[in-house]
Amino acid sequence: MGAMIRPAAAEDLAAIGDVHTRSRASAYAHLVPAEALAAVPVASMVDWWTERWRYERETHRLLVAEAGGEVAGFSYVGPSETPGVAELYAIHVAPERVGTGVGRVLMAAALAELAELDRPRAVLWVLEGNDRARRFYERGGWRPDGVRREGAIGPALTMQLRYTRPLP
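I will try to describe carefully the structure that is included in this document.

Rules behind the numbers
Along every chain, residues carry numbers that run from 1 in the direction the sequence is written. In view of the model being predicted, local features appear only for residues whose pLDDT reaches at least 70, and side-chain atom pairs are presented and counted only at 80 or more, with totals across whole chains, interfaces and linings using the full set of residues. Side-chain measures were taken over the full set of non-hydrogen atoms in the model, leaving aside hydrogen atoms and water. A helix here means a DSSP run of H or I that spans at least four residues, while a strand means a run of E at least two residues long, and both kinds are numbered starting from the N terminus. Given the number of residues in a helix, its expected span is that number minus one, multiplied by 1.5 Å. The rule is simple: take the accessible area with a 1.4 Å probe, protein chains only, and divide by the maximum for that residue type; under 20% is buried, over 50% is exposed, in between is partly exposed. Pairing between two strands is assigned when DSSP locates at least 2 bridges connecting them. What makes two residues a contact is simply this: any of their non-hydrogen atoms within 4.5 Å. For every element, the axis is a line fit to its C-alpha atoms; helices are fit only across the contacting stretch, and the angle between N-to-C directions ranges from 0 to 180 degrees. When a carboxyl oxygen of Asp or Glu lies within 4 Å of a side-chain nitrogen of Lys or Arg, that pair is called a salt bridge. A pair of aromatic rings is counted whenever rings of Phe, Tyr or Trp (Trp by its six-membered ring) have centres within 6.5 Å, and the orientation is called stacked for planes under 30 degrees apart, edge-to-face for over 60 and tilted otherwise. Remark: a charge is flagged as sitting over a ring if the NZ atom of Lys or the CZ atom of Arg is within 6 Å of the ring centre and within 35 degrees of the ring normal.

Topic: helix α1 (residues 13-27)
Here is step 1 of the chain: With 15 residues, α1 extends 21 Å from end C-alpha to end C-alpha; this agrees with the ideal 21 Å at 1.5 Å per step.
Here is step 2 of the chain: Buried within α1 we find Leu13, Ile16, Gly17, Val19, His20, Thr21, Ser23 and Arg24.

Below is the structure:
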């Protein structure tokens, strides 16, 4: 199954919010309490992406993978809070598209976008217990660097691991 990668547009934000919500619910079901996942409904996620788009679209790059005429996934990259470093903030794939190659094409496109940010390395954060995502990133050349942090998903606190990789 092929997916076309393109820059996101304002009209994609509702679909991005929907994919993000459903992807998290599926991928994090064994890591985050259901109530915490339900505390961030699709409408809230759409509002969150709309706000981010408004303030970050000049400095960050939001890409969508389109398959069958719909948003099948997305990636989001930009400068990191760590000076001189780029960050892969997200790759999310619609649950029904997981395993179809959408994630791989999003990863390749995100890496190309990160390289254009002209930084020597990039980082990303992944939930510590999300073994599937960790394997996915490791296949993409990312390695854990030993840094951990707490992050919230709804009202639940999660432990996250930082991964890094050099950029060309």
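Here we look at the pairing of strand β7 (residues 156-166)
Here is step 1 of the chain: Among the 11 residues that make up β7, eight are buried, leaving the element largely enclosed by the rest of the structure.
Here is step 2 of the chain: As defined by bridge partners, strand β5 (residues 121-127) adjoins β7 across seven bridges and the pair is classed as antiparallel. Note that in β7 the partner of Leu124 across the bridge is Tyr163.
Here is step 3 of the chain: Sheet analysis places strand β6 (residues 143-153) next to β7, joined by eight bridges and oriented antiparallel. Bridging across to β7, Gly151 finds its partner in Thr158.
Here is step 4 of the chain: Counting the residues between successive antiparallel strands, the hairpin from β6 to β7 contains two residues, one of them, Gly154, with a positive phi of roughly 60 degrees.

Brief notes about the environment of Tyr28
Here is step 1 of the chain: Turning to its location among the elements, Tyr28 is positioned in the loop between α1 and α2 (34-38).
Here is step 2 of the chain: Tyr28 gets classed as buried once you look at its relative accessible area, which sits at 14%.
Here is step 3 of the chain: For the pair Tyr28 and Gly129, spaced 101 residues apart in sequence, the C-alpha to C-alpha distance is 9.0 Å.
Here is step 4 of the chain: The residues contacting Tyr28, other than those within four sequence positions of it, are Leu37, His92, Leu127, Asn130 and Ile153.

Things to note about unusual backbone geometry
Here is step 1 of the chain: Despite not being glycine, Asp118 has its phi angle at roughly 60 degrees, a positive value.
Here is step 2 of the chain: Looking at the secondary structure, you find Asp118 in the loop between α4 (102-116) and β5.
Here is step 3 of the chain: For Asp118, a relative accessible area of 69% corresponds to the exposed category.

Concerning the sheet that holds strand β4 (residues 86-93)
In any sheet, the strands associate via hydrogen bonds between backbone groups, in a parallel or an antiparallel arrangement.
Here is step 1 of the chain: Pairing within the open sheet is mixed, and its seven strands lie in the order β1-β2-β3-β4-β5-β7-β6. Every other strand in the sheet has two partners, leaving β1 (4-7) and β6 as the edge strands with one partner each. Across the sheet, the axes of successive neighbouring strands diverge by a mean angle of 30 degrees, strand direction being ignored.
Here is step 2 of the chain: As defined by bridge partners, strand β2 (residues 61-67) adjoins strand β3 (residues 70-79) across seven bridges and the pair is classed as antiparallel. Among the inter-strand pairings, Leu63 is bridged to a residue of β3, identified as Ser75.
Here is step 3 of the chain: This element, α1, spans β2, β3, β4 and β6 of the sheet and lies at about 90 degrees to β3.
Here is step 4 of the chain: Set on the sheet, helix α5 (residues 131-139) makes contact with β4, β5, β6 and β7; between it and β5 the angle comes to about 165 degrees.

Details of the pattern of salt bridges
Here is step 1 of the chain: Taken as a whole and judged by the stated rule, the model has 11 salt bridges.
Here is step 2 of the chain: The residue Glu66 makes a salt bridge to Arg6 at a minimum N-O spacing of 2.9 Å. Pair noted here: Glu66 is in strand β2 and Arg6 is in strand β1, with a separation of 60 residues, a long-range link.
Here is step 3 of the chain: What makes Glu66 partly exposed here is its relative accessible area of 24%.
Here is step 4 of the chain: With a shortest N-O distance of 2.8 Å, Glu96 and Arg22 are connected by a salt bridge. With Glu96 in the loop between β4 and α4 and Arg22 in helix α1, this residue pair connects regions lying 74 residues apart in the sequence.

Side note on the packing of aromatic side chains
Here is step 1 of the chain: Across all of its chains, the model carries five aromatic pairs by this definition.
Here is step 2 of the chain: Taken together, a centroid distance of 5.2 Å and an interplanar angle of 80 degrees make the contact between Trp49 and Phe74 edge-to-face. Of the two residues, Trp49 is situated in helix α3 (residues 42-56) and Phe74 in strand β3; the sequence distance between them amounts to 25 residues. Both residues of the pair, Trp49 and Phe74, belong to the buried class.
Here is step 3 of the chain: Note on Phe136 and Tyr137: the rings are 5.2 Å apart at their centroids and 65 degrees apart in plane angle, and the pair reads as edge-to-face.
Here is step 4 of the chain: Through pairs of rings, three or more aromatic residues link up here, namely Trp48, Trp49, Phe74, Tyr76 and Tyr89.
Here is step 5 of the chain: Sitting above the plane of the Trp49 ring, Arg52 keeps its charged end 5.8 Å from the centroid.

Note that all results are geometric; they support no functional claim without further evidence.
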